[in-house]
Amino acid sequence: MVKIHNNRFSNQNKKREQPKEDTFSNIITNNLEENLDNLNKLLDKPDDLLIRKFSIRGSEHQCATVYIDGLADSNYVRNNIIENLQIQRGKIQIPQNKEMLFDVLNQELLSSTTLETGLTLDDASNGILSGNTVLYIDGIDKVFIIGTQGWEKRAIEEPVTESVIRGPRDGFVEDLRTNMTLIRRYIHDPNLRFKTHQIGRRSKKNLVVTYIADVIHPDILKEINRRLASIDTDDAPESSFIEQWIEDDYLSPFPQLINTERPDKASAALLQGKVVILLDGSPFVLIAPSTLGTAMQSPEDYYERWTIGTLLRILRYLAAFIAIFLPSLYIALVSFHPGMIPSNLAFSIAASREGVPFTPLVEASLMAITMELLREAGARLPKTIGQTIGIVGGLVIGDAAVQAGIVSPIMVIVVALNAIASFALPAYSIAIAFRIILFGFIILSGIFGLYGIIIGYIMVNIHIVNLKSIGVPFSTPFAPTFFKDWGDLIFRKPVPLLTERPRYMQPNNKKSTVKENKE
Amino acid sequence: MKRFEYADEKISDNQILVAMPSFVIGIGILYLPRSMASVTTGSDGWLSLVIGGIIAVIITWSVAKLSASFPNQSFINYSSTIVTKPIATVITFLFVILGIMVTALQVRQIADISKHYLLIETPVEIISLVFLLLILYGVGNSRAGLFRLNTMFLPFVLFIALVVIVFNINHFNPDFLMPAFQTGFGGLWEGTKGSILSYAGFGVVWFYITLVERPEKTPKKAAIGMCIPIILYLVLYLACIMVFGNSVTANLQYPTIELAKIVEIPGGILERFESLFFVIWIMAIFNTTAMALDIAILALHSIFGKTNKIKLLFIVSPIVYITGMYPQDLMQLSHFSTFIGYSSLIYTVFVYILLFATAKIRKVI
Amino acid sequence: MGNFLRLMSCSCLLILTGCWDSLPIDERGFVIGSAIDMAGEIQDKNYDITVTHQFVVPGNLSNLSQSGGGGGDKKAFQNISATGQSPFQITRNMLSLTDLIPNSEHLKILIISDEVAREPDLFSSVTDSFIRDHEMRREVKVMITNGKAKDLLENESDTEQLPSRHINNIMENNIKSLELIQSVRVGTLHQYLLNDDSYVLPLITLSGKDINYNGAAIFAGKSDQQVGTLSNEEIKGLRLVKGDITNGMLPFHIDGELMIYEINTANSSIAINTANPEKMDISITINTEGFIAEMFGSRSLLDQQYINKIEKEISKKIEQTVNNTVKKAQQELGIDFFNFSSILRQKHYDVWKKIEKDWEDGEKLFSQSKVNVTAKAIVRDIGASDKAKDDGME
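Quantities reported herein were computed from a predicted structural model and do not represent experimental measurements.

Parameters at a glance
Residues numbered from 1 in each chain as written. Chains lettered and ligands numbered in written order. Predicted model: local features only at pLDDT ≥ 70, side-chain atom pairs only at ≥ 80, totals over all residues. Helix = DSSP H or I, 4+ residues; strand = E, 2+ residues; numbered from the N terminus. Rg over C-alpha atoms; globule rule 2.2 N^0.38 Å. Expected span 1.5 Å × (residues − 1). Buried ≥ 20, exposed ≤ 12 C-beta atoms within 10 Å, placed from the backbone. Arc of directions from axis to C-beta. Contact = placed C-beta atoms within 7 Å. Domains from an automatic or database assignment. Axes fitted to C-alpha atoms, helices over the stretch in contact; angles between N-to-C directions. Left-handed = near helix turned anticlockwise from the far one by under 90°. Nonpolar A, V, L, I, M, F, W, Y, C, P; charged D, E, K, R; others polar. Pairing = 2+ DSSP bridges.

1. Brief notes about the overall build of chain B
- Counting its regular elements, chain B contains 14 helices and zero strands.
- Reading the secondary structure of chain B in the N-to-C direction produces α-α-α-α-α-α-α-α-α-α-α-α-α-α.
- Its C-alpha atoms give chain B a radius of gyration of 20 Å, within 12% of the compact-globule value 21 Å for 365 residues.
- Dimensions of chain B, computed from C-alpha atoms along their principal axes, come out at roughly 55 × 45 × 40 Å.

Right, here's the structure in full:
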C-alpha cells in the first residue's frame, strides 16, 4: 500500500518546487513594485500579509517590509527593522550604489539575530510563511529574510498523558524551537546533534532528528535518515504521521516507535543511543528505535528507589497480562474447563450465571465493547461531562446490567479489572494495542478454550520476534538475548549500578560512566 | 539494507545451545516415564535414560563436529564435496522426508493429547489444522524469528516443569525408588532404545550448524544443549516414579501430565493444573514442530535452489497434514512414532558414518 | 489482500462451526459425590449396580446466591440414581433423567457399599471408570460403607448443605485421631489395584442421622475384594506400624488408673530378616514421643521413677495393640494389610521374586512369619500442671 502511495506522488513532485506559472516569475527583479506584485499574485493578497513601503532615511532608496501578521513579532519588526532604517542612530553613510547599500544594510543597519538573503520568490514566500520578515529594496534583485518569528505559543506545562508523581514537570509544546531548547537544557553535550529535515510538500514543516553523535550506532541514524527522506506527503500534522511513514510493519498492532511528551524521557533515550524525532507543531516526540521492554517502562521507575521501581515494573507486566488475557481466560475456564476453577468458586459462578441468557463469549464481547464505548466517549468529552459518563457507565455496567440479568456479576468484575489493568500501562499506544489483541483472544478462547489462548499467544510471539523497529528486533533484549541488559528490563538495577548503555542498541561507547570509559 | 549485526539471519552458537533442548523437548517426555517404567523395575529406568543420553550427546557432538568443519556451507554443499552431488541430493531429500514425517507426527500427537485433556468433543482434524496453520505462520516468517522463539519459550517450559516437580515434593515417596539395580540387561536395553528415541533431535545439528557464523565452539555448545533435556527427563522420570511408583507409572498413558494433575497450587486459586501444564507444554511442542518443518524446508530449498520459501511451504503442508491424519488409532500412531524415531536415529548414524568415512578416505577434511 | 481473504474465510469457518466443547458452566451438572450400591440379588456373577450421583444445585447454596433463590428451604443438591452394568454406562443413561450434563471434574468422594466391595473382582471393575476417565481427578476420596451407600448422600447435616462436602470434610479432619486411617485417594487406589498388595480403605457408617467415620475395610490384594474390617483398636495397631502419625491419643492404665498419652510423633522402622524364607523374621521398632494429656490418678509426675514406669507401660500398651492387629492379620485373615510385601519387594527383591506367589496364598508365608514388636515411648511433657488434684482429696 505504501509503495503505491509513494509512486503516485513522486512522479509529480520530484523536486518539491512550486510549479512555475506564466503570470509571474520566480526570480526577484530589480523592480520593487514588480516584486511585490509577484508576491501578491503568489499568495493572492491575503489580509494578514502586511506590506509596509518606506524609504531609507537620508536616501532615495525605496524599500518594503513584508510579513504575516501573527506569525512575525510586529514589535520586533518595528523596533529592529523599520526603526533602524528610518531613524538611523549612528552616523552611517547611506551609499547610493545599490550593491554597497546591500552590504551596509547587511553589516550595519539590520540588527537582527538571523539574517539571510533570498534570491527567488520561493525563498521570500517561504520565509514570510514561516514567520520571517522579508525586506525588499528597490533596485536590488535580492531580499533580506530577517528572523522575526514570534507567534503565540503555549506555555510549557506538565504533560497531560504522562504525569508522574515525582520527576520534572515540564513537557514538550507545539513549538519546535522550544522543544529543542528543552532537550538542550537536559543534555549539555557538544555531541548532541539536531539535524533538520523539511517534511510536507505543502506544509513544509521542520522536523528535527536529534541524537548524540558519539553514542548512536551509525547504521540506525543512516536508516532513519533514509526513511525520513522517503516521506512524501502534503502535510504531517502530528508526529504520528512520521511514525506511520517510517515504521517497519504497518500491519502490526504494536507501536514500533514510542512517543512521549516528556523531555526527560526523550533525553534519557538519547543517552541510550537512540534517536529522538521532533516535529514542528506536535508536542509528541518520537523515540526510535523502541522495543517491547521500553514500551513497558515509565521514567518514574528511575525516579523512585530501585526496589519500588522494580516492583512497579513487575506490577506493570502483571497488568499487561490481565489486560490481554483476563476475559479470554474467564471464557475458557467457564465454558471449557470448569474443572480448573476451585470447586466452591465454580459453584458460585454457576449460581451467578443462572438466568444469564448469553454464552460467556457473547457476554464478554458485549461487556468489552461497552467498555471501549465508555472509554471512547469519555476521552472526547470535556472533563466536566467526562465524569458524568464515568458515573453513568459505572452504574450501567456495574449495577443495571446485573440487575437486568444480562450479564453475571463475575463478568463485571472481570471486565472492570481488565479495563483498570489496561489503564495501568505506561504508554497509551501499547495499551491500545493490547486491547486490540484482547478481542482476538476472546474469539480464540470462545472457540478452543485454553488451547485457543495458547495458539493465540504463540501467534503474537511469532509476530513480535519478527517485528523490527528501525532494524532493531522488537523483542530484544529478551530474544535476541542480551543478559547484560536484563538489569534494566523487568528488574531495575540500583542507579549506581546502571553504568552501561543498553547492549541491544550496540552504542559506540558502552559505558555511561566517565571513569570506565577511559579504560 | 544493512541491519544490525545481531538482527540478521546469522545464528550464534548460543542459539544452537538453546535450539537443541527446544527441539528435543516435546511430546516424548509426556509418555517417556511410562515406556521406561514398563520395561524396568523400581527406578532403574534412570540408567537407561543416562546411557541413552550419553549416546545422544556423543552422536550430537560427532555430527556437529563434522558439520562445523565446513563452516558456512550448506549441508548439500559439503556433502556434495564428500560424496558427489547426486548422492548428496538423495541424502538431503531423505532428510526432507524425515522432517515432514516428524512434523506430521507432532501435529497429530498434539491433537490427540489436546483432545484427551482439553477439548474432548472437538475433532482431531480441526485441532491439528489450527496447530499446523500456526506452524506455517511461524516457519513462513524469518528463521531468526524461530530461534528467538526458542529463547522466549524454553524458560517457560523449564519453569513449568520445575513447578510440577516442586509442588509434588510432598507427594514424593522415596520408598518407590527401591528396588534398585534389579533390571536385567534386556530391560535396560529396551529402556535405552526408548530413551534414545526421545532424544532424537539431530536435524538441528545437521542443518542449523551450517548457518552458524563462527562454528568453532558449536559442537561443544550443541553437546551442552543436549544435556538439558537429559537432566530434565531424568528429574521428571524420577519424580513420576517417586510419586506414582513403578507399577502405576507403567500404566499411565501420559505420566508426566498425570504428575501435573496432582499438583495442588497453594491457596487453591487454580485446580487441575495439568490443563495449564499441557497448555504451556504446547510451546515446547511448537518449537519442536516448527523447527522440524523448517529443517525440511531448508533442505528442500537447498535442493531446488531458487524456489520461494512460501511456495515450498504451501506444497509441503498438505503432505504434512495428510500424513499426520493417516494413522487411525493409538496403536498405529505409536508404531508410526517408533518408526520415525528409529529411522531418524539410524539414518543420522548412517549418514554420519558414510560422510565421515568417505571424507577420511578422500581426505576432504 | 488475497491472504487476508483466505484468513477471513478460515476464521469465519471456525467461528461458524466451532465451539464444539463450549458449554456454559451453568448448564453443567457438577457431580460432587458418587455412591455405588448393589441392585437386587446376586445371581451367578450377573449383577446390576446402582450408581447415585449427587448433583450440586448452585442456585440453592445459600451463602452464594445473592438474589435469594430460596436459600434455606430448597435442597442444594439433587441425587439421581440409575441402575445398570457399569458406572460409565449408567452416568450416560442419567442424561435422560436430568436436564444437566453430568460433569465429574469436581467430584470429591466416592462411596462404595460393602455389598459391592465384598464381591470378588467387582470392586476393581466399578472403580475403573473413576480412574480411567480424564474428567476424574486423582484426589477423589474413596470409602466403603456398611449398608446402602446411597443413604449417606441423602443425609443432610445442620452445618453443611452438601452431604458430600460434609463427608469430605470429615475425612480431612482425621489427623488428630489415631483410630482413623488416612483417607485414600483414587490415585492411591489405582496403585493398590495395580500392585497385588493388600490394603485398607476407610469405612464410614450411618447411624441414625450421624455419619460415623470409624473402622476400616480390609481388601485382599489378589481379588480386590473386601475380606474384613478393622475395629478402632486394631486401626491403632496398624497406624503405629505404619508410623506416619503426627497426632493421636493412646489411653492406657497404670496402677489401675486411666491415663492418656498424646502422641506427637511416632516413627516406625521395619526390618525383615529373610534368611529363612519359610519363617521370616519381621521386627518392628516403634518410637513415639508425646505428653501426658490426661490422668485420673493423683501421683506426681515429677518423679523420674514414675515417668520411667509410665513410659514402660506405654510401650507395653503399644506392643500389645500392635500384636493384636498383627494377630488378626496373620491368623484370622491371612492378609498382609501392613504391606510388609512392599518392603520385601523394595529391599529384598530377589527373595521376593521367589516367594511372591506364596506370600498370602499358597504356602501362606505371611501367616507363618514371626513378628516382633519393640516399642519405645518417651514422655516429653506432662502438661501445664503436675497434678490436678491432691492425694488427700481422693
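2. Focus: helix α7 (residues 218-229) of chain A
Residue and element names in this part refer to chain A.
- Taking 1.5 Å of rise per residue, 12 residues should cover 16 Å, and α7 covers 16 Å from first to last C-alpha, within 8% of that figure.
- Looking at α7, one finds that the buried residues are I220, E223 and I224. Down the axis of α7, the buried set is contained in an arc of 95 degrees. They therefore lie on one face. What points out from α7, more than 90 degrees from its buried face, is the exposed set P218, R226 and A229.
- Those residues of α7 hidden inside the fold are in contact with β7 (205-212), β9 (275-279) and β10 (285-288).

3. Details of the domain arrangement of chain A
Residues and elements named next belong to chain A.
- For chain A, the assigned domains are domain 1 (14-146), domain 2 (176-290), domain 3 (306-473) and domain 4 (483-517).
- Here the C-alpha centre of domain 3 lies 33 Å away from the C-alpha centre of domain 2.
- Counting residues at the interface gives 17 residues for domain 2 and 13 residues for domain 3.
- Sorting the residues of the side of domain 2 that touches domain 3 by element identifies α7 and β8 (258-260) as the ones contributing at least two each.
- Tallying contributions element by element places α7 first for the side of domain 2 that touches domain 3, with four residues.

4. Digging into the packing of helix α17 (residues 428-448) of chain A against helix α18 (residues 450-466) of chain A
All names here are of chain A.
- Their axes nearest at 7 Å, the elements α17 and α18 cross at an angle of 145 degrees. For the crossing formed where α17 meets α18, the hand is right-handed. Between α17 and α18, the contacting residues are I437, G440, F441, L444, S445, I447 and F448 on the first element and Y451, G452, I453, I455, G456 and V460 on the second.
- When grouped by side-chain class, the residues that make up the contact of α17 with α18 number nine nonpolar, four polar and no charged.

5. Description of the sheet that holds β9(A)
Residue and element names in this part refer to chain A.
- Strand order in the open sheet made by the five strands is β6-β7-β9-β10-β8, with antiparallel pairing throughout. Of all strands in the sheet, those bounded by a partner on one side alone are β6 (192-199) and β8. Direction aside, the axes of adjacent strands within the sheet are offset by 25 degrees on average.
- Here β8 runs beside β10; their pairing, made up of three bridges, is antiparallel. Paired with N259 across the strands is L286, a residue of β10.

6. Looking at the interface of chain A and chain C
- Taken together, the contact pairs 20 residues of chain A with 22 residues of chain C.
- Put simply, the parts of the chain that give the side of chain A that touches chain C at least two residues each are α12 (306-335), α13 (343-353) and α17 of chain A.
- Counting residues per element, the side of chain A that touches chain C draws most heavily on α13(A), which supplies eight residues.
- Across the side of chain A that touches chain C, the residue classes tally to 11 nonpolar, seven polar and two charged.

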